[in-house]
Amino acid sequence: MFDHAYSNYMEHAYPADELMPLTCRGRVRGQEPSRGDVDDALGKFSLTLIDTLDTLVVLNKTKEFEEAVKKVITDVNLDNDIVVSVFETNIRVLGGLLGGHSVAIMLKEKGEYMQWYNGELLHMAKELGYKLLPAFNTTSGLPYPRVNLKFGVRHPEARTGTETDTCTACAGTLILEFAALSRFTGTSIFEEYARKALDFIWEKRQRSSNLVGVTINIHTGDWVRKDSGVGAGIDSYYEYLLKAYVLLGDDSFLERFNTHYDAIMRYISQPPLLLDVHIHKPMLNARTWMDSLLAFFPGLQVLKGDIRPAIETHEMLYQVIKKHNFLPEAFTTDFRVHWAQHPLRPEFAESTYFLYKATGDPYYLEVGKTLIENLNKYARVPCGFAAMKDVRTGSHEDRMDSFFLAEMFKYLYLLFADKEDMIFDIEDYIFTTEAHLLPLWLSTTNQTISKKNTTTEYTELDDSNFDWTCPNTQILFPNDPMFAQSIREPLKNVVDKSCPRGISRVEESLGSGPKPPLRARDFMASNPEHLEILKKMGVSLIHLKDGRVQLVQHAVQAASSLDAEDGLRFMQEMIELSSQQQKEQQLPPRAVQIVSHPFFGRVVLTAGPAQFGMDLSKHKAGTRGFVATIKPYNGCSEITNPEAVKEKIALMQRGQCMFAEKARNIQKAGAIGGIVIDDNEGSSSDTAPLFQMAGDGKNTDDITIPMLFLFNKEGNIILDAIREYEAVEVLLSDKAKDRDLEMENMDQKLTENDSHKQNAEEAASGSQDVGAASEEPEEGGESSDVADPGSLSPANADSASVPISHQDSYVPGTEEAGAPEPACTSGDNQPQEQQTETESNSKVNWDNKVTPMESILADWNEDIEAFEMMEKDEL
């Protein structure tokens, strides 16, 4: 698997930063459409090659490593006029150079390889370190988030240096690489700068909760985003506190980690979940979903020695993976997809490796086997491995991030490797957050920093709950080899059994014991008991003229501070559900999968659905057939080549008439399905939100065949395949199906000449792309505006409010008043098709309907401040 990914990068992408595995070319910044902050990792410095250096040695590819090091030394230029992320450049490039240097000197000492090596990678690392230092030119010591490799930060030509905020992880994930650079070179400035940034974050932690926020002002130290968790934005800050103690032996780092860890387990850990909270109100959840980056945390808990919660969270994540094949970028507390992408992240594999090391339980080998099978089955393409654009449909994205080679294969190989498979002892090294190897002997080398314990200057720590020694894995479970299984067992069905509750909290509270607070998902506006509970929480109802009700909370009107806190949580949940309702009332994306030779299901294109015709979500087998181009190509009049279209899936061009009219014409000609291809040259799902085809304002029950929409770029993939192979068979479905391995194997056996197979693979890979699709409709108006189910009103200065569609009741994901809550199913709760009034020149834009949770929370600052003042007054 590694050879497949690495060789394709070297063949098709090098010296570009990353491989684009669907189009078999390199991603060069400025030559491809901008992806926003994601592109800040790219600096025209052959990122993937540098990130992969020490992976080559772990996988015992010493000859390839030697060749790669020579390429880096001769080809890579670090003096580019380009703005890059300080965080990403540090962990990937500086870390990659230091990891490469670490294993290079190890190999040189062994005497067989790298005898010519004279510290060239370390010299490059030092050069890069100096290029990152201008970012630290702030009064706080926190670095700017970006730096120009050639001009620094404040130079007129730098094009950066105006930022005011950075994420906690961005500023707190420097100490390992910078300290290692100082220890290797004897130049102390790097370690000093990284320590100063860590010290500042520690000083600015919220003192009562001992938590840190997600983003911080680099000049003032004020928290900008005051939610706290262990996922995106904070994750590796915690990781580096513990690992800095391991690598550098400084007790203050361990004390800080232990203090934070105690707060995490007290407030954020809700086994098996890890939910974000507010740093000032840590009993208050900040959101109802989790992001995939928190999958690293069980591995960190293993290093800490806290095995039980590590097993629990890991098992929950594994159940999510078994449901969706991959870990979605974000998923809700009831395990539905929140963000559907998966860029082949390695954090879960990392935790799996550490848990296997700690427990020796072969169950984790089975978990690793599942990861490998899913990667080969769903992500492997002829030119590498492609990220998943949507785990629900199986569609791909044209990206293979450098961390996939740096981390994923390293952890999976180490999971299955025996000691004799390794050419060096992995226990002599510590992994950075990018899985680069730094030798533990650095702790006693070039100690230019005094080990003054600054932590206890700020707080008195109770370390009674923490051991100062690591648990011995060999005797961790000496008497009970079933220990890990006994922890996992209750979580086996946690995902499938999860379902939004239908019973109201008031009914539930009729039993004995304390009454739980009312939850937004249970709320009924027509229930007088619910209204009474709302009143107690300081929440009142306003009936709007359009038939909706608006909820407004005044914290000062609550019966108590606890009731006010419940009310604020209720309002947050209601806004989250309202946003979720807007998203779920859209139809989900569909998949067009090319199943004929030589593709065999490897090419999956994301297609826009239609609001008429066969509902593919209710026909799991989908519609399979050969494609045929109709005449006239626009499909706006009677088809003149019905013999070519009969029993086939018709291809037609968008424009000149309504979508429903096209569908009726091809159905009359005998087609079993239709694909409408956008006539806007160059349109692509990579750059446009999803598009769904509307009816013509009339009854469309007569249309019984499935209809899907492809953008121009995706449509041309099918048209190119027809030109090359003539007979092209596709599958229209709600999600990608397993590819035809039997036919693929048969084809390979029949193909004696490898060149034919290679040509076929190149055709497949050169014409693959996928994506969630949308486009602005042109004249002729073929799309429809789905009625906005109720936008969110901005909160007043002294209140938080949210409008709810329909006066009588509110049920998440439904439109009709008093509609029953949908039954729990084994898959995702699929959004319901919405019947709408249609207009000819309108569109459905899936990305702009939902107000970001962060912006809504920002509007509540005054409420929260008043809340805090109220508590102080009571005290």
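A quick note: this is a predicted structure, and the numbers were derived from the prediction, not measured.

1. A short note on empty space enclosed by the protein
Then, in step 1: One pass over the structure, following the stated rule, counts ten cavities of 30 Å³ or more.
Then, in step 2: Of the pockets and cavities examined, the largest cavity occupies roughly 150 Å³.
Then, in step 3: Elements supplying a minimum of two residues to the lining of the largest cavity: helix H13 (347-359) and helix H14 (363-379).
Then, in step 4: Taken together, the residues of the lining of the largest cavity sort by class into ten nonpolar, four polar and two charged.
Then, in step 5: In this structure, the second largest cavity occupies an estimated 110 Å³ of space.
Then, in step 6: As for the second largest cavity, its lining consists of 14 residues, of which Lys377, Tyr378, His396, Gly601 and Val604 are closest to the centre.
Then, in step 7: Tallied by class, the residues present in the lining of the second largest cavity amount to four nonpolar, four polar and six charged.

2. Comments concerning the sheet that holds strand S29 (residues 729-733)
Then, in step 1: Strand order in this open sheet of seven strands is S24-S23-S29-S25-S26-S27-S28, and the pairing throughout is mixed. Two strands bound the open sheet, and with one partner strand each, they are strand S24 (603-607) and strand S28 (707-710). Neighbour-to-neighbour, the strand axes of this sheet turn through a mean angle of 30 degrees, independent of strand direction.
Then, in step 2: Judged from the four bridges that link them, strand S23 (residues 590-594) and S29 form a sheet pairing that is antiparallel. Looking at S29, one finds that alanine 591 is bridged to serine 733.

3. Points about the side chain of asparagine 712
Then, in step 1: With respect to the element layout, asparagine 712 can be found in helix H22 (residues 712-725).
Then, in step 2: The exposure class assigned to asparagine 712 is buried, which follows from its relative accessible area of 7%.
Then, in step 3: One polar contact links the side chain of asparagine 712 to the main-chain amide nitrogen of glycine 682, over a distance of 3.2 Å.
Then, in step 4: In this structure, asparagine 712 is in contact with Ile677, Asp678, Asn680, Glu681, Gly682 and Ser683, ignoring residues within four places of it in sequence.

Cut-offs applied
Residues numbered from 1 in each chain as written. Predicted model: local features only at pLDDT ≥ 70, side-chain atom pairs only at ≥ 80, totals over all residues. Heavy atoms only, no water. 1 Å grid on protein atoms, 1.4 Å probe; cavity = no way out; pocket = protein on both sides within 12 Å on 5 of 7 lines; lining within 4 Å. Points joined across faces, edges and corners; volume = space filled by probe spheres on them. Helix = DSSP H or I, 4+ residues; strand = E, 2+ residues; numbered from the N terminus. Nonpolar A, V, L, I, M, F, W, Y, C, P; charged D, E, K, R; others polar. Pairing = 2+ DSSP bridges. Axes fitted to C-alpha atoms, helices over the stretch in contact; angles between N-to-C directions. Buried < 20%, exposed > 50% of the residue type's maximum accessible area, 1.4 Å probe, protein only. Polar contact = N/O pair within 3.5 Å; in protein donor to acceptor, adjacent residues only side chain to side chain. Contact = heavy atoms within 4.5 Å.

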